[in-house]
Amino acid sequence: MDTLKGAKMNANYAPQSITPPLWLLAELTYKCPLHCVFCYNPLNYAQNSHELTTAQWVDVMQQARKLGAAQLGFSGGEPLQRPDLEELVEEGSRLGYYTNLITSGVGLTEPRIARMKEAGLDHIQLSFQDSTKEMNDFLSSTKTFDLKMRVAKLIKQYDYPMVLNVVLHRHNLDHVGRIIQMADDMGVEYLELANTQYYGWGLVNRAQLLPDREQLVRAEAVVNDYREKFGHKMRIFFVVPDYFETRPKACMNGWASVFLGIAPDGSALPCHAAKTLPGIEFPNVTEHSLQHIWYDSDAFNKYRGDGWMKEPCRSCPEKDKDFGGCRCQALALTGDASNADPVCDKSPFHQTLQDIVAAAQSKPTVTSSDKPIVFRTDANSRALSGLAATGQFDPE
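All of these numbers come straight from a predicted model, not from anything done at the bench.

### Remarks on helix H5 (residues 133-140)
Here H5 has its buried residues at Met135, Asn136, Asp137, Leu139 and Ser140. Buried residues in H5 make contact with strand S4 (123-128) and helix H6 (145-157). Positive phi shows up at Ser141, right after H5, with a value of about 50°.

Here it is, written out as structure tokens:
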């Protein structure tokens with residue numbers, strides 16, 4: 001099965017220039033007790049219930065380590081839904097990875113964190129939805145705020161660096177000062193304020209979540225004030241949403257450049273949202289070696305290099321910096337993944353993005369809009385999958 005095909009697909013890309021993956025993300029499961037409105041899991045996750053076994057995950061970790069991967073993230077869904085998580089953490093530590101648990105905190109009891117500490121887990125990233133119980137619990141459609149507070153104390157108790165992630169959007173951008181203050185009260189060392197990226201469930205809910213420019217400017221000013229106040233006491237990362245930029249981000253540092261994601265069913269992906277791209281058959285670790293997947297598969301060579309690029313990207317002097325931007329965003333906004341990312345003001349589709357931002361500008365700061373929020377649930381996943389199959393699904 002592991003025949004050389006992909007390198008031929010992109011004729012302008014030299015296979016010998018492919019560097020090994022550095023970051024392995026193990027998406028252990030799509031199961032999750034939360035129902036976040038901005039989840040990046042695929043809309044049809046409810047149709048994908050198959051999960052790799054413990055032995056298969058161990059094999060993936062061993063293969064990736066041999067390729068050169070150094071950082072290992074455990075995510076989902078909620079990775080704590082897997083009863084073998086501690087065993088996988090221990091194997092990752094034994095192999096020499098720097099291990100990171102990305103979690104909502106639901107399921108992280110003291111016995112489990114004690115076992116993971118003993119197993120060698122290096123890092124825990126805890127997510128909150130807001131600084132208030134009401135908004136945190138609304139956005140995840142769960143009653144989890146108090147639980148998350150208890151988990152935050154456990155993380156400190158077990159001497160982990162306190163790393164907090166809060167996804168920002170129209171409903172909580174104006175709370176950013178309170179969020180930072182909450183983080184300080186919790187003893188957070190690293191706070192990531194990650195504005196929503198519009199893929200997956202975030203794209204479905206874009207009309208509800210996209211802020212206006214004034215909100216973003218106010219929030220960034222508040223963040224900068226707190227940065228001066230705290231100095232090195234707490235590092236605050238503020239990730240501006242792509243929609244308000246004029247140059248695209250170097251998505252994943254380029255397609256299949258450093259990141260290797262493995263979905264719960266074993267599908268290998270060059271980015272979190274790659275399954276949204278049509279016409280690409282992503283290889284599965286149960287059928288192919290990681291060596292073949294990374295170096296030789298059609299999917300991983302599809303957008304490597306610049307041979308696939310259209311104008312204006314092909315002749316752009318910045319193409320080695322931004323790699324044409326995000327393929328999933330190009331698809332979502334233009335219908336063609338090979339187009340220039342519309343974030344770029346050189347893109348012929350940049351006006352499409354400006355129109356979307358302008359529409360958000362005309363709405364009240366907090367809006368119910370004509371379209372209700374769609375929570376990430378199994379029922380909604382099945383419904384959206386059905387609409388997509390009939391061509392009736394439109395994120396707007």
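Structure's up, so let's keep going.
### Focus: the packing of helix H7 (residues 176-185) against helix H10 (residues 213-230)
The contact between H7 and H10 brings their axes to 9 Å, and the two run at 30°. As summarised for this structure, H7 and H10 are arranged roughly parallel, according to the angle between their axes. For the crossing formed where H7 meets H10, the hand is right-handed. Judged by residue contacts, Val176, Gly177, Ile180, Gln181 and Asp184 of H7 engage Ala219, Val222, Val223, Tyr226, Lys229 and Phe230 from H10. When its residues are assigned to classes, the contact of H7 with H10 shows 7 nonpolar, 2 polar and 2 charged.

### Brief notes about the state of the cysteines
Following the criterion strictly, the structure yields 0 disulfides and no others. Cysteine Cys313 is unpaired, with the sulfur of Cys344 as its nearest cysteine sulfur at 6.7 Å. No disulfide involves Cys316; its sulfur sits 6.2 Å from that of Cys344, the nearest cysteine.

### Focus on the nonpolar core
Ranked by internal contacts, the top residues of the largest apolar core, which has 122 residues, are Leu24, Leu164, Ile180, Leu191, Leu193, Tyr243 and Ile262. Setting aside anything within four residues of it in sequence, one finds Leu24 in contact with Val60, Met61, Ala64, Ala69, Gln71, Leu72, Gly73, Tyr97, Leu260 and Ile262.

### Some details on the pattern of salt bridges
In this structure the tally under the stated criterion is 16 salt bridges. Across the salt bridge formed by Lys156 and Glu189, the nearest N and O atoms sit 3.4 Å from each other. A residue pair is termed long-range when its members are at least 10 positions apart, and Lys156 in helix H6 and Glu189 in the loop between H7 and strand S6 (190-195) qualify at 33 residues. Exposure remark for Glu189: the relative accessible area of 28% places this residue in the partly exposed category. In this structure, Lys346 engages Glu318 in a salt bridge whose closest nitrogen and oxygen atoms are separated by 3.7 Å. Separated by 28 residues along the polypeptide, Lys346 in the loop between helix H14 (327-334) and helix H15 (350-361) and Glu318 in the loop between helix H12 (298-301) and helix H13 (319-322) bring together distant segments of the chain. Among the residues examined, Lys346 registers a relative accessible area of 35% and is labelled partly exposed. Taking the relative accessible area as the measure of exposure, Glu318 reaches 24% and is therefore partly exposed.

### Quick notes on the environment of Gln129
Examined against the element boundaries, Gln129 turns out to sit in the loop between S4 and H5. Taking the C-alpha atoms as reference points, Gln129 and Asn172, 43 residues apart in sequence, are found 8.4 Å from one another.

### A few points about the pairing of strand S5 (residues 163-168)
Across the 6 residues that make up S5, a large majority, 6, are buried. Alternating residues of S5 divide into Val163, Asn165 and Val167 and Leu164, Val166 and Leu168, and every residue in both groups is buried. Pairing of S4 with S5, which is carried by 4 bridges, proceeds in the parallel orientation. If you follow Leu126 over to S5, its bridge partner there is Leu164. Alignment of S5 against S6, held across 6 bridges, turns out to be parallel.

### With respect to the sheet that holds strand S2 (residues 71-75)
Judged by pairing direction, the sheet is mixed, and its 9 strands sit side by side in the order S7-S6-S5-S4-S3-S2-S1-S8-S9 without closing on themselves. Among the strands making up the open sheet, the edge pair consists of strand S7 (235-239) and strand S9 (268-269). Sitting on the sheet, H10 is in contact with S6 and S7, with an inclination near 165° to S7.

### Quick word on the environment of His288
Structurally, His288 is set in the loop between S9 and helix H11 (290-296). Separated by 207 residues in sequence, His288 and Gln81 have C-alpha atoms that sit 27 Å apart.

### Quick word on the packing of helix H3 (residues 85-95) against helix H4 (residues 110-119)
The contact between H3 and H4 brings their axes to 8 Å, and the two run at 20°. With respect to H4, the element H3 is oriented roughly parallel. When the axes of H3 and H4 are compared, the crossing they make is right-handed. Where H3 approaches H4, its residues Leu85, Glu86, Val89, Glu90 and Ser93 are matched on the opposing element by Arg112, Arg115, Met116 and Ala119. Of the residues assigned to the contact of H3 with H4, the class counts are 4 nonpolar, 1 polar and 4 charged.

### Some words on the pairing of strand S8 (residues 259-262)
For a regular strand, the rule is simple: side chains alternate between the two faces of the sheet. What you see with S8 is no split at all: Phe259 and Gly261 on one side and Leu260 and Ile262 on the other are buried throughout. Pairing of strand S1 (residues 23-27) with S8, which is carried by 4 bridges, proceeds in the parallel orientation. Counterpart to Leu24 in the pairing with S8 is Leu260. Counted between consecutive antiparallel strands, the loop separating S8 from S9 contains 5 residues, among which Gly266 sits at a positive phi close to 100°.

Rules of the game
Residues numbered from 1 in each chain as written. Predicted model: local features only at pLDDT ≥ 70, side-chain atom pairs only at ≥ 80, totals over all residues. Heavy atoms only, no water. Buried < 20%, exposed > 50% of the residue type's maximum accessible area, 1.4 Å probe, protein only. Helix = DSSP H or I, 4+ residues; strand = E, 2+ residues; numbered from the N terminus. Contact = heavy atoms within 4.5 Å. Axes fitted to C-alpha atoms, helices over the stretch in contact; angles between N-to-C directions. Parallel < 35°, antiparallel > 145°, perpendicular 65-115°, else oblique. Left-handed = near helix turned anticlockwise from the far one by under 90°. Nonpolar A, V, L, I, M, F, W, Y, C, P; charged D, E, K, R; others polar. Disulfide = S-S within 2.5 Å. Core = buried A, V, L, I, M, F, W, Y, C linked by side-chain atoms within 4.5 Å. Salt bridge = Lys/Arg side-chain N within 4 Å of Asp/Glu carboxyl O. Pairing = 2+ DSSP bridges.

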